[in-house]
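Structural overview
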Amino acid sequence: VQLVESGGGTVQAGGSLRLSCAAPERLFGATIMGWYRQAPGNQRVMVATVTSGGITKYADSAEGRFIASRHNGKNTIDLQMNHLKPEDTGVYYCNVRRVITPAFDYWGQGTQVTVTS
């Protein structure tokens, strides 16, 4: 299963970037889509997740600055990142998973986000 990610790049602190991710439409039903970040030498951490029912969760560091939006009809998720900080730098990975049977857990290839001071 391939997740198609787009967006990312290099931006100065205070700027904005938008990430987009598309999952195959055949992955319908109750799923959770989200974005995760992995900085060099660190573990991958959750940035934002959205359930198919529209429940959104954010990491404390993203709350108030990032907006995750999901489009169920197209099985896509966007992440609008505003007021970016250098500590937001890392590789951002898209994820889609289902926790009920039949369960699955798929990841995108990652897209680099670099925020310069």
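Structure shown above.
Predicted, not measured: the structure shown is a model, and the values here were computed from it. (Residues numbered from 1 in each chain as written. Predicted model: local features only at pLDDT ≥ 70, side-chain atom pairs only at ≥ 80, totals over all residues. Heavy atoms only, no water.)

Turning next to the sheet that holds strand β1 (residues 4-7). To summarise the sheet geometry, strands pair through backbone hydrogen bonds and adopt either a parallel or an antiparallel arrangement. With antiparallel pairing, the 4 strands of this open sheet are ordered in space as β1-β3-β8-β7. At either end of the open sheet lies a strand with only one pairing partner, and these are β1 and β7 (66-71). Looking at each pair of strands side by side, their axes are set apart by 15° on average, direction ignored. In terms of strand pairing, β1 meets strand β3 (residues 17-22) through 4 bridges, oriented antiparallel. Each residue of the ladder has a partner; that of Glu 5, found in β3, is Cys 21. (Pairing = 2+ DSSP bridges. Helix = DSSP H or I, 4+ residues; strand = E, 2+ residues; numbered from the N terminus. Axes fitted to C-alpha atoms, helices over the stretch in contact; angles between N-to-C directions.)

Here we take up the state of the cysteines. Enumeration over the complete set of coordinates arrives at 1 disulfide. Covalently, Cys 21 is tied to Cys 94 through a disulfide, its sulfur atoms 2.0 Å apart. Looking down the S-S bond of the Cys 21 and Cys 94 bridge, the torsion is -80°, so its handedness is left-handed. On the criterion of sequence distance, the pair formed by Cys 21 in strand β3 and Cys 94 in strand β9 (residues 90-98) is long-range, its members being 73 residues apart. Of the two residues, Cys 21 and Cys 94, both sit in the buried class. (Disulfide = S-S within 2.5 Å. Buried < 20%, exposed > 50% of the residue type's maximum accessible area, 1.4 Å probe, protein only.)

Summarising the element assignment, His 83 is placed in the loop between β8 (76-81) and β9. Of the residues examined, His 83 reaches a relative accessible area of 53% and is grouped as exposed. Each C-alpha atom, one on His 83 and one on Leu 17, is 9.2 Å from the other, the two residues being 66 residues apart in sequence. If sequence neighbours within four positions are ignored, His 83 has contacts with Gly 14, Gly 15, Ser 16, Arg 65 and Asp 88. (Contact = heavy atoms within 4.5 Å.)

Scanning all chains against the criterion turns up 2 aromatic pairs. On the basis of an interplanar angle of 65° and a centroid distance of 5.0 Å, the ring pair of Tyr 36 and Trp 107 is categorised as edge-to-face. Taken as a pair, Tyr 36 in strand β4 (residues 32-38) and Trp 107 in strand β10 (residues 104-107) lie far apart in primary sequence, 71 residues in all. Under the relative-accessibility criterion, Tyr 36 is labelled buried at 13%. Since its relative accessible area comes to 34%, Trp 107 is described here as partly exposed. For the pair Phe 104 and Tyr 106, a centre-to-centre distance of 5.3 Å together with 20° between the ring planes defines the contact as stacked. For Phe 104, a relative accessible area of 13% translates into the label buried. The side chain of Arg 44 reaches across the aromatic face of Tyr 93, ending 3.6 Å from its centre. Its end group placed over the ring of Trp 107, Arg 44 keeps NZ or CZ at 4.6 Å from the ring centre. (Phe/Tyr/Trp six-rings, centres within 6.5 Å; stacked < 30°, edge-to-face > 60°. Lys NZ or Arg CZ within 6 Å of the ring centre and 35° of its normal.)

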